[in-house]
Amino acid sequence: YTNEILQKSPNNCLLPLTSKTTEDDFLEIGECNIKDLVEKFGSPLYILDEKTLRTSCKQYRDNFKLYYKGSSQVIYASKAWSCLSVVGIIATENLGFDVVSGGEFHTVQIAMSKLGYSEIEIANRVYFHGNNKSLDELELAIKANCNIVVDNWLELQNLVELGSCLPEKSIRILLRLTPGIECHTHEYIKTGHVNSKFGFNLNDFETVINYVIKQKVLNCRGLHSHIGSQIFEKQPHRDLAFILVKLLKKSQELGLTLSELNIGGGLGISYTSDDNPPSIEEWVKNVSESVMEACLDSNLSFPKLIAEPGRSLIGSAGVTAYTVGSRKEIPGLHTYLAIDGGMSDNPRPITYQSLYSILIGNKMSEKITETFIIAGKHCESGDIIIKDAQLPQTHTGDILVVMGTGAYNYSMASNYNRIPRPAAVLVNHGEANLIVRRETYDDLVKQDCLPQRLLPN
Ligand code: LYS
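The rules behind each value
- Residues numbered from 1 in each chain as written.
- Predicted model: local features only at pLDDT ≥ 70, side-chain atom pairs only at ≥ 80, totals over all residues.
- Heavy atoms only, no water.
- Helix = DSSP H or I, 4+ residues; strand = E, 2+ residues; numbered from the N terminus.
- Rg over C-alpha atoms; globule rule 2.2 N^0.38 Å.
- Buried < 20%, exposed > 50% of the residue type's maximum accessible area, 1.4 Å probe, protein only.
- Areas by Shrake-Rupley, 256 points an atom, 1.4 Å probe, with all protein chains shown as cover.
- Axes fitted to C-alpha atoms, helices over the stretch in contact; angles between N-to-C directions.
- Parallel < 35°, antiparallel > 145°, perpendicular 65-115°, else oblique.
- Left-handed = near helix turned anticlockwise from the far one by under 90°.
- Contact = heavy atoms within 4.5 Å.
- Nonpolar A, V, L, I, M, F, W, Y, C, P; charged D, E, K, R; others polar.
- Pairing = 2+ DSSP bridges.

Caption draft 1: Representation of the overall build of the chain within the structure. When its secondary structure is counted, the chain shows 14 helices and 21 strands. The C-alpha atoms of the chain give 23 Å as radius of gyration, which agrees with the globular expectation for 457 residues (23 Å, within 12%). By principal-axis analysis of the C-alpha atoms, the chain measures approximately 70 × 70 × 45 Å. Counting over 457 residues, the chain shows a buried share of 57%. Working note: accessible area of the chain is about 20200 Å², and carbon and sulfur atoms make up 49% of it.

Caption draft 2: Structural context of the packing of helix 9 (residues 205-214) against helix 10 (residues 235-254). Axis separation between helix 9 and helix 10 bottoms out at 10 Å; the angle between their running directions is 50°. Here helix 9 is positioned oblique relative to helix 10, judged by the angle of their axes. Remark: the crossing between helix 9 and helix 10 carries right-handed chirality. Contacts between helix 9 and helix 10 pair F205, E206, I209, N210 and I213 from the former with L247, K250, S251 and L254 from the latter. Of the residues contributing to the contact of helix 9 with helix 10, the split by class is five nonpolar, two polar and two charged.

Caption draft 3: The arrangement of the packing of helix 8 (residues 153-162) against helix 9 in detail. Relative orientation of the contacting elements helix 8 and helix 9 amounts to 5°, with a least axis distance of 12 Å. On the basis of the axis angle, helix 8 is roughly parallel to helix 9. The residues of helix 9 that touch helix 8, namely those facing W153, L156, Q157 and V160, are T207, V208, Y211 and V212. Of the residues that constitute the contact of helix 8 with helix 9, the class distribution is six nonpolar, two polar and no charged.

Caption draft 4: How the structure looks around the environment of G397. Relative to the assigned elements, G397 resides in the loop between strand 18 (384-391) and strand 19 (399-403). Looking at G397, the relative accessible area reads 44%, which means it is partly exposed. Distance from G397 to Y76, taken between C-alpha atoms, is 37 Å for residues 321 residues apart in sequence. If sequence neighbours within four positions are ignored, G397 has contacts with T323 and V324.

Caption draft 5: Representation of the sheet that holds strand 3 (residues 32-33) in the model. Read across the open sheet, the three strands follow the order 1-2-3; overall the sheet is antiparallel. This sheet does not close on itself; its edge strands, each paired only once, are strand 1 (20-21) and strand 3. Relative to strand 3, strand 2 (residues 27-29) is paired through two bridges, and the arrangement is antiparallel. Looking across to strand 3, one finds that E28 is bridged to N33.

As structure tokens, then:
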């Protein structure tokens with residue numbers, strides 16, 4: 001891994017920015033040796049590089065300041081990885097949060113209040129999304145006074161009802177719209193196409209605005225749209241900017257002036273060397289220029305521009321270290337190499353057929369001589385992390401590192417086959433701190449209940 005790879009935008013490097021090979025041929029991240037990390041914290045292990053995460057936050061922030069001539073706010077899509085330390089780092093980088101559940105919101109509230117932020121600061125930074133928020137979640141959001149991104153009619157009506165005893169303009173909302181934009185990504189992670197489950201369809205726009213205008217309790221500040229995830233093209237966001245700005249104009253004509261425009265997220269990362277996503281700078285420049293151009297066309301002042309990256313902030317900051325276990329050779333066919341984790345700590349390959357890159361963390365510069373199928377340890381033939389991994393001679397006990405696992409690995413992990421979820425460590429300047437404790441067998445039965453009548457008398 002040459003400097004050339006390491007100097008790219010954080011979303012376009014396979015390994016975290018601080019990755020190096022030590023003299024004795026081990027992978028080092030955040031000045032921590034992979035072997036020491038696995039010895040100390042066990043395996044599998046999620047490893048998160050603080051420097052890479054902070055660098056991507058800074059690149060988003062700085063580039064919006066550079067390219068957008070209005071105010072802007074970057075909000076982290078918590079769904080990529082939500083835990084106290086990740087939220088803490090991102091909060092101190094001055095980003096806000098997109099949360100899609102009471103649980104994600106609670107995590108932000110706890111982390112930010114532990115760091116000393118006031119309730120008002122927390123509320124201002126949180127945007128509560130979701131296509132089916134429960135009444136409890138809506139109440140939570142209203143009580144905290146955060147921004148609510150309203151997805152549908154039921155939610156609008158529920159908000160009006162819940163807010164009926166509140167003073168005027170108490171509930172800050174944005175309206176989520178389905179812009180009818182197709183982008184090239186996996187079917188399951190597209191969100192902006194016409195038959196998406198998310199958001200109001202455009203033909204409802206006028207009716208929705210007219211309804212919102214009449215509701216005293218609703219303080220509608222802007223529009224939101226998100227077209228999908230792991231996107232490499234730039235045109236869809238440009239199109240989206242023009243569509244949304246036209247709707248800002250339309251809303252103004254209907255009597256509702258909106259000051260915020262949330263353009264969503266979706267910038268991809270490179271999982272393999274064939275991937276070449278735009279850099280964070282290119283993405284921000286494209287979005288900023290498109291929104292400004294559209295505003296000039298429509299003769300509107302620049303709204304507060306909000307973007308909500310998740311994967312491109314944290315994806316490449318993380319790797320997962322596994323220990324190699326059994327090896328099965330099927331003569332004339334292929335060789336399986338099994339690791340001590342799999343679809344429970346990384347469900348992306350089985351869910352989206354996602355590709356990953358790997359290396360052997362204790363044999364960084366050894367010659368590639370073998371091709372393996374990397375299998376997980378779950379009771380499913382589909383539990384395959386990589387179908388054709390090119391590796392040096394690899395044996396039981398070697399440390400296999402999967403790159404680009406910072407997003408949607410920890411957050412989508414399960415206990416399938418009652419396998420405890422791995423620990424996570426944060427590395428920086430030679431220090432490694434546990435940020436998520438490894439689950440124990442006792443944790444696995446913690447929520448189980450055994451009714452009295454099942455016990456012997
Ligand atoms: N979980 C998805 C993935 O791993 C991304 C979901 C994005 C949701 N808007 O690619």
